[in-house]
Structures are given as C-alpha cells and as structure tokens.
Amino acid sequence: MQTIDLIVFLVFTGGVVLMGASFFKKGSSAKDFTRAGGSLPGWVVGMSIFATYVSSISYIGYPGKAFASNWNAFVFSLSIPIASYFAAKYFVPFYRQSGSVSAYAFLEEKFGKWARLYASACYLLTQIARMGSILYLLAVPMYILMGWNMHVVIILTTVAIIFYSMLGGLKAVIWADAIQGIILIGGALLCLVILFFSMPEGPMQIFDLAINSPQGNKFSLGEFTSDLSTSTFWVCLIYGIFINLQNYGIDQNYVQRYHAAKDEKSARFSALFGGYLFIPVSALFFLIGSALYSYYTANPDLLPQEIAQKPDYVFPYFIVNGLPVGLRGLLIASIFAAGMSTVSTSVTSAATIILTDYYAPLVKGKTDRHHVFVLRLSSFIVGILGAIVAIAMLSVESIIDAWWKLSSIFSGGMLGLFLLGYLSRRVRNIDAAIGVICGVIVIGWISAAQWLGLPASGVHEYLAIVFGTIVIFLVGFLCAKLFNRKK
C-alpha cells in the first residue's frame, strides 16, 4: 500500500469518525440520542436507510457470490419494492402515531410484556450477528492489503464506531450514513469502470466470458423450479419478501428512522428512496463480481489459487493488485464506509432497545441524564459483543450464506407475531403465545435438523423465517377462532 493510499483511507475514515463525534452535545436528551430530535430531511434519512442496507456484506459478499456462482442472491433485492411500498403506506404512519420509539411497544399493548421481550431479544441477537458479519468483512481487505492481524483490525474498527455512536447518537449516525452512502457508490462505480477497460479484448469480453462460463451463465438468477430445498429463484424471492417486510415493519433500525424524519411525508419518502436506491447499487456489486470472474478468466495467472478458493477475498485482492495508486485507498475507504454505517446503526438501535424495553421498565424514576448514560454504556457493550462474534466468524467460507442463515434463525418469526397483532383484533395473549411456541419449533427444526439428528425438513434454511412466520400467524389466528367465543 502506497503512502497516498494510506492518506486517502485515513482522511475518509477519520473524517467520518470526527464528523460523527462533532454532533456531541453535553446536555443532549435521550430523545435527541434515539430520534435525532425528529428534525431530519427525508433524503438524509433515506440515504441512511440505503447505507444501512449496503453493508460490507453487500460490498464484499455480493461480488464474491457472483464470482463463485451467479446472480441468484440478487433476487433478494428484487423483493425490496414490495416492502418499501407497504412501509410508506402503512408502517410509517403506524409507528409515527404510536408515540413510542421502540418498535416492540405495540406488541406489549397487544399481547403483554412477554411478546415485547421476545421480539426485542430476537432483534438484539440478529443485530449482534449482523455486526459480527460486517466487522469480519471490514478486516478482510486490511489483511490482504497490509497483512494486518484481523483480530486487531476488528477491535480498532469497533472502537472507532463505538466512539462516534456513543457521542453523537442517532443524528451522528444518520448524517454519517448519508455521506458514507455517497462514498461507497462512487468507489464501486470507479472500480467497475476500471474492470471494464482492463479486459484484453474490450468491455464486451466481460459478458462473453461470464455468459459462456463452464459453470453456467454467471448472470443467471437461479433455477425457476418449485424445489424448496435449494437456493432457487423462488426461494430467494420468498425469503427476500419476508425478510424485507420484517426489516421495514418491525426492525428497530428502520422504525427509529421513521421517527427521525421531520414529518410523515419525509418519513414516507425516506422509506421508498432508501429501498429503491439499493436495487441498482446491489446490481452494481453483482456486476463487479461477474466482471472479476471474466477478468481473472482472461488473466488466469493474476489470481492465486488460495484466493480463488475464498470468494469473499477476490474483490479485496483485485483492489490491492488491480487498481492504480490512490484509488486503492478510496475503495478501501468506501468498504469501511459501507460497514461502519451499518454497524453504527445497529449499535444505536440496540442501545435504544436495551433502554426502552429492558432498563427503563425495571429501573423507574431515573432522570433523562441517567438514561443517556445507559444508552452510551449499552452502545459500548453491544459493540464489544459484535466484535466477539466477528472474531468467531474468521473461519466462515461464505459470509452471505452465514448471515442469511443466522438472520433467518434469530429473527424467530418476529414478523408473524407483528402481523398477528396488526391484522387481527380477536387474538388473545394465550393464542399468540401458542403460535410463537409452534413457530419457534418449526424454525429450530428447519435450521438445526442436521445438527440434532432429526428428519430433514425438505426446505432450504433460508426459508426458516418464512415457515416460522406463517406458522405463528396461522396457529395464533386459528386458536383465536376456535377458543375465543366472545362477541
């Protein structure tokens, strides 16, 4: 790494950290920390939602997936417009009128304290797993680029993110996300242009080699069969619809942003803008992966075998060896921008849930200043847990597969419980509890049948959240129909 690359990288990442820390106010309230004062314009909130989506999982995992196989995982992105539409039309006004910054206060009003604690616990586990995945992928390029110890990179990155998240709260996170979103798009576009014009026979050679690959068409969206046991087009689409409905409908990351917008119109715009922008940008990352495959097929001597066997390492390796001086630093900075924006969001939202759903109900009568202290302490603890998970993931082969499976398990059918309360008026506490128990059993069976020696479920692990959601909703609804005879 040349000195100029290091300077570019340090200027961008250091600038983001300092900008986030600049939002620190000595007398800031818990509302300022968790809602950014409810005063932000829609485009900034929308860019923050987009940047939360485009983590380093997207920046490194998507090209790695396209390099190793095809565009099957892009089908996930195609499901986002459905969730964005429902968010703008129903979820945004619902949460802004609720008055609570917690996404799970509604569940307590509907079904009791247990429902709120169940959903918030699932959310915290999901966020810690997500932070671990992203921090791991932030360490990969620095290991390839500089030979730095990945444990050290994970720890230092975590400290930097915790620093500005603790000081500036949600306002710092959202503004940093908006700037980081612009940086990461610019970096990815530059990289794609360089790949296109680095082909020996011109840009069209990328498509010729990728389409006629011995492994099959690299631009394929997957098989269109009805087989639910493999990652077909329909499995990815169904998984994407359920995960994205959960993201927009009951994910604290998004709910807090609905409250941060200055008015309902701005909040609706942010939901649509952030979701729709992700579609072309995710296509950009998959195209980078296909271009990398063609580039190294045309230049087989440029890619060591040990790198080729780890798809998540291929894009960072190209950045190190295929980009000119200066741009390497910019690309590494954009990868860090993608990861830091998502991790800081998870840190702030998880801290909010710890305060609103666990600490404040148990420890009453505390001042607002004390609550701000709890938020900052919780941010620190959550960040450390994410770093521990990242270190545990160093042996994972494909981070996309690992994250999708973990998110499907830890989500625990939260969407089913939310829909049960949102769509049905007759479902009682006991009906919902029975539904959740049945749903968790189904999720556990699909996710861990092989580990536990149980008969195979016959469906892909991605679909654990789908069947868990359906079972929770149907069982709860049917219990209400069968056992609740009150008019």
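Refer to the structure above for everything that follows.
No experiment lies behind these values; they were computed from the predicted model shown.

Digging into the overall build of the chain
- A count of helical and extended segments in the chain gives 21 helices and zero strands.
- The C-alpha extent of the chain, read off along each of the three principal axes, is 75 × 55 × 40 Å.
- Counting all 487 residues of the chain, 59% fall into the buried class.
- Sequence separation of at least 24 residues holds for 85% of the intrachain contacts in the chain that already meet a minimum separation of 6.

A word on the pattern of salt bridges
- Under the defined criterion, the tally for this structure stands at seven salt bridges.
- Its salt-bridge partner being Arg-268, residue Glu-264 comes within 2.9 Å of it at the nearest N-O pair. A residue pair is termed a helical-turn pair when its members lie 3 or 4 positions apart in one helix, as Glu-264 and Arg-268 do in helix α13 (residues 264-298) at four residues.
- When its relative accessible area of 28% is taken as the criterion, Glu-264 is described as partly exposed.
- Arg-428 serves as the salt-bridge partner of Asp-431, at 2.9 Å between the closest nitrogen and oxygen.
- The exposure class assigned to Asp-431 is buried, which follows from its relative accessible area of 1%.

Re helix α10 (residues 204-211)
- Buried residues of α10: Gln-205, Ile-206 and Ala-210, and no others. Buried residues along α10 cover an arc of 125° about the axis, so they all sit on one side.
- Tucked inside the fold, the buried residues of α10 contact α9 (150-196) and α13.

A closer look at the side chain of Ser-379
- Mapping Ser-379 onto the fold places it in helix α17 (residues 368-392).
- Ser-379 sits in the buried class, given a relative accessible area of 0%.
- Ignoring anything within four residues of it in the chain, the contact list for Ser-379 reads Phe-33, Ile-162, Met-166, Val-347 and Ala-351.

Details of the environment of Arg-425
- The residue Arg-425 is located in the loop between α19 (414-423) and α20 (429-452) in this model.
- A residue is classified by how much of its surface remains accessible, and Arg-425, at 82% relative accessible area, is exposed.
- Sequence separation between Arg-425 and Ile-381 is 44 residues; the distance between their C-alpha atoms is 38 Å.

Some details on the environment of Ile-465
- Counting through the fold element by element, Ile-465 comes out in helix α21 (residues 464-483).
- Counting along the chain gives 208 residues from Ile-465 to Arg-257, while the straight-line C-alpha distance between them is 24 Å.

Considering the side chain of Asn-72
- Note on placement: Asn-72 falls in the loop between α4 (56-68) and α5 (75-78).
- Side-chain polar atoms of Asn-72 contact the side chain of Ser-231, separated by 2.6 Å.
- With sequence-adjacent residues up to four places away left out, Asn-72 is seen in contact with Ser-220, Leu-221, Gly-222, Ser-231, Thr-232, Phe-233 and Cys-236.

With respect to the packing of helix α16 (residues 327-362) against α17
- Running from amino to carboxyl end, α16 crosses α17 at an angle of 125°, the nearest separation of the two axes being 8 Å. One way to sum up the angle between α16 and α17 is to call them oblique. α17 is crossed by α16, and the crossing has right-handed handedness. Here α16 contributes Val-347, Ala-350, Ala-351, Thr-352, Ile-354, Leu-355, Tyr-359 and Ala-360 to the contact with α17, which in turn contributes His-370, His-371, Val-374, Leu-375, Ser-378, Ser-379, Val-382 and Gly-383.
- Residues that form the contact of α16 with α17 fall into these classes: 10 nonpolar, six polar and no charged.

Some thoughts on a nonpolar patch on the surface
- On the surface, a nonpolar cluster with roughly 630 Å² of combined accessible area is contributed by Phe-373, Leu-377, Phe-380, Ile-381, Ile-384, Leu-385 and Ile-388.
- Judged by its relative accessible area of 36%, Leu-385 is partly exposed.

Focus: the packing of aromatic side chains
- Per the counting criterion, the structure on display carries 32 aromatic pairs.
- Plain terms: the ring middles of Tyr-85 and Phe-86 are 5.6 Å apart, the flat faces sit at 80° to each other, and that makes the pair edge-to-face.
- By relative accessible area, Tyr-85 is classed as partly exposed at 44%.
- Ring geometry for Tyr-248 and Tyr-254: centres 5.1 Å apart, planes at 45°, overall tilted.
- For Tyr-248, a relative accessible area of 0% corresponds to the buried category.

The rules behind the values
- Residues numbered from 1 in each chain as written.
- Predicted model: local features only at pLDDT ≥ 70, side-chain atom pairs only at ≥ 80, totals over all residues.
- Heavy atoms only, no water.
- Helix = DSSP H or I, 4+ residues; strand = E, 2+ residues; numbered from the N terminus.
- Buried < 20%, exposed > 50% of the residue type's maximum accessible area, 1.4 Å probe, protein only.
- Contact = heavy atoms within 4.5 Å.
- Salt bridge = Lys/Arg side-chain N within 4 Å of Asp/Glu carboxyl O.
- Arc of directions from axis to C-beta.
- Polar contact = N/O pair within 3.5 Å; in protein donor to acceptor, adjacent residues only side chain to side chain.
- Axes fitted to C-alpha atoms, helices over the stretch in contact; angles between N-to-C directions.
- Parallel < 35°, antiparallel > 145°, perpendicular 65-115°, else oblique.
- Left-handed = near helix turned anticlockwise from the far one by under 90°.
- Nonpolar A, V, L, I, M, F, W, Y, C, P; charged D, E, K, R; others polar.
- Patch = residues over 30% accessible without salt bridge, like charges linked within 9 Å, V, L, I, M, F, W, Y side chains within 5 Å.
- Areas by Shrake-Rupley, 256 points an atom, 1.4 Å probe, with all protein chains shown as cover.
- Phe/Tyr/Trp six-rings, centres within 6.5 Å; stacked < 30°, edge-to-face > 60°.

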